[in-house]
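# Working through the structure, step by step
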Amino acid sequence: MIKYREISGLIFLKNLLKELKQLLKIGVPIYGSQISYMGMGVTDTIVAGRASALDLSGLAIGNALSMPFYFLLGGCLFAVTPIVAQLFGAKKYEEIGQKVREILWVSIALGLIGFFLYRNLSFFIPFFDIDENIALISDGYLKAMSYGFIANMVFTCLRCYSEGMGLTLPVFWVAFIGMLLNIPLDIIFVYGYFGIPPMGGIGCGIATSINIVIGVIVLVLVILKKKEYTPTKIFSSFSPPNSETTKEALKLGMPIGFGVFVELSMFSGAALILGSLGSTVISGHTVAINIVSVLFILPLSFGLAAATRIGNLVGEVEFEKAKYASHVAILICLSGAIINMAVI
């Protein structure tokens, strides 16, 4: 009986480690990508903060208003990951290309909605009794960010396409290079170099928009050059918008986007409420949120990795393995949450 239990325990441990290895292989580069995106925000905070507390406050209020809506729209495209993952597991490679081409139309439509939304979000600022100077910077920052919103949605769609096939490392390198590029761009536009006038916090928005456009171009070039993407023939033909694909993406993606929107609204609401207390309080809150956000990224990354892993297994018609993978993913996220709670 004891020997049987020992053997069962060893088999359980072996299966657990095997599945954990698969999730880490997908999840660690995703975590690196998310850290890189967060690094861009940290750079914005540092550079704008060195310009003035007023600029940092304008940036913080702009982000508090925009981030929930960014994830409300961008979250709809998170559906691309499980859709692609399932087709990849079923080895329906050319269908992946067709689906993604059709969902790219959805990303452009969401980008247009976000463009007009960002340009009018400052409408809500007067409701929070925020200093007029901070409000002006926030409005300029949001308008600057609007120019990159369509590119941002296209990037999100292509990123999820790549991650859905388990190709998370190329996305990480694109994100990491973008984080490094964001540093000089922020400095140039915030402080004013090479004949460009100093723009303060608004400069961070311009730098981010330029960075996103460059990121899309680099990611497209990576997809065109790397042979791992070739079987999907994503850019080999033209696909018009498809109502069924649009419904499929939005049916799966809208609950994701709305869920993240509700979560982030709580953080954003706190920043907006504190806005009436002045630039020093807002700046302090921004620094604290940046630290906490780094911890929040851990379970988020492994949740995204789980969508890829489970989608692949479902596509392979390995339902029991998919169920087991979901349990391991929940275990990892729960462990990460406990560690985060202890650290905070």
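Here, every reference points to the structure presented above.
Residues numbered from 1 in each chain as written. Predicted model: local features only at pLDDT ≥ 70, side-chain atom pairs only at ≥ 80, totals over all residues. Heavy atoms only, no water.

## Describing the overall build of the chain
Threshold: In this description a helix means any DSSP run of H or I spanning at least four residues, a strand means any run of E spanning at least two, and both kinds are numbered starting from the N terminus. To sort residues, take the accessible area from a 1.4 Å probe on protein chains only and compare it with the maximum for the residue type: under 20% means buried, over 50% means exposed, and anything in between is partly exposed. Residue contacts are counted whenever heavy atoms from the two residues lie within 4.5 Å of one another.
Looking only at helices and strands, one finds 11 helices and 0 strands in the chain. When its helices and strands are written in sequence order, the chain yields α-α-α-α-α-α-α-α-α-α-α. Within the span of the chain, comprising 344 residues, buried residues form 48% of the whole. Considering only residue pairs separated by 6 or more positions, the chain has 83% of its internal contacts joining residues 24 or more positions apart.

## With respect to the packing of aromatic side chains
Let me state the cut-off plainly: Under the pairing criterion, centres of Phe, Tyr and Trp rings, with the six-membered ring standing for Trp, must be within 6.5 Å; the plane angle then separates stacked pairs below 30 degrees from edge-to-face pairs above 60, leaving the rest tilted.
Using the criterion set out here, one finds 14 aromatic pairs in the structure. With a centroid separation of 6.1 Å and 85° between ring planes, the pair formed by Tyr 70 and Phe 149 is classed as edge-to-face. In this pair, Tyr 70 is assigned in helix α2 (residues 53–74) and Phe 149 in helix α6 (residues 149–164), connecting sequence segments 79 residues apart. Taken as a pair, Tyr 70 and Phe 149 share a single burial class, namely buried. Members of the aromatic cluster, connected to one another through ring pairs, are Tyr 70, Phe 71, Tyr 118 and Phe 149.

## Comments concerning the environment of Arg 50
With respect to the element layout, Arg 50 can be found in helix α1 (residues 2–51). Relative accessible area serves as the criterion here: at 69%, Arg 50 is assigned to the exposed category.

## What about the pattern of salt bridges?
Two side chains with opposite charge may pair up if their charged atoms get near one another. Selection rule: Take a side-chain nitrogen of Lys or Arg and a carboxyl oxygen of Asp or Glu: if they are within 4 Å of each other, that pair is a salt bridge.
The full count for this structure, using the stated rule, is 5 salt bridges. Between Glu 94 and Lys 233 there is a salt bridge, and its shortest N-O distance comes to 3.2 Å. A residue pair is termed long-range when its members are at least 10 positions apart, and Glu 94 in helix α4 (residues 93–118) and Lys 233 in the loop between α8 (201–225) and α9 (243–274) qualify at 139 residues. Judged by its relative accessible area of 43%, Lys 233 is partly exposed.

## Regarding the nonpolar core
Here is the rule: To define a nonpolar core, start from buried Ala, Val, Leu, Ile, Met, Phe, Trp, Tyr and Cys residues and group those joined through side-chain atoms within 4.5 Å.
By size, the foremost hydrophobic cluster in this structure holds 56 residues, and its most contacted members are Val 100, Ile 103, Leu 158 and Tyr 161. If one sorts the elements of this core by residue count, α6 sits on top with 9 residues. Look past the residues within four positions of Ile 103 in its chain and what remains in contact with it is Leu 77, Val 80, Ile 83, Cys 157, Thr 245 and Ala 249. Of all hydrophobic cores here, the second largest spans 7 residues; its members include Leu 16, Val 328, Ala 329 and Ile 332.

## Focus on the packing of α6 against helix α7 (residues 168–192)
To be explicit about the condition: Between N-to-C directions, angles span 0 to 180 degrees; the directions come from axes that are lines fitted to C-alpha atoms, helices contributing only their stretch in contact. Residues are grouped as follows: Ala, Val, Leu, Ile, Met, Phe, Trp, Tyr, Cys and Pro are nonpolar; Asp, Glu, Lys and Arg are charged; all remaining types, including Gly, are polar.
For the pair α6 and α7, interaxial distance at closest approach is 7 Å and the crossing angle is 145°. Note on element contacts: α7 touches α6 through Thr 168, Val 171 and Val 174, opposite Phe 155, Arg 159, Ser 162 and Glu 163. Per-class residue counts for the contact of α6 with α7 are 3 nonpolar, 2 polar and 2 charged.

## A word on α2
Put simply, the test is: Between the first and last residue of a helix there are one fewer steps than residues, each counted as 1.5 Å, and that sum is the expected span. One axis fitted to the seven residues ending at a residue, another fitted to the seven starting there: the angle between these axes is the bend at that residue.
If you check α2, its first and last C-alpha atoms are 30 Å apart, about what 22 residues at 1.5 Å a residue would give, namely 32 Å. Ser 66 marks where α2 bends most, by close to 35°; the proline Pro 68 follows one to four residues later. With 16 of its 22 residues buried, α2 lies for the most part within the structure.

## Things to note about unusual backbone geometry
Unusually for a residue other than glycine, Phe 194 sits at a positive phi of about 55°. Here the phi dihedral of Lys 233 falls at roughly 50°; this positive angle occurs in a residue that is not glycine.

## Looking at the packing of α2 against α4
The condition that has to hold: Any angle that falls under 35 degrees is termed roughly parallel, while one over 145 is termed roughly antiparallel, one within 65 to 115 roughly perpendicular, and all others oblique. In this scheme the handedness of a crossing depends on how the near helix is turned from the far one: anticlockwise by less than a right angle means left-handed, clockwise means right-handed.
With their axes 10 Å apart at the nearest point, α2 and α4 run at an angle of 165° to one another. When the axis of α2 is compared with that of α4, the two are roughly antiparallel. Crossing hand, α2 versus α4: right-handed. Contacts between α2 and α4 involve Ser 66, Phe 69, Tyr 70 and Leu 73 from the first element and Leu 110, Ile 113, Gly 114, Leu 117 and Tyr 118 from the second. Class assignment of the residues belonging to the contact of α2 with α4 gives a composition of 7 nonpolar, 2 polar and no charged.

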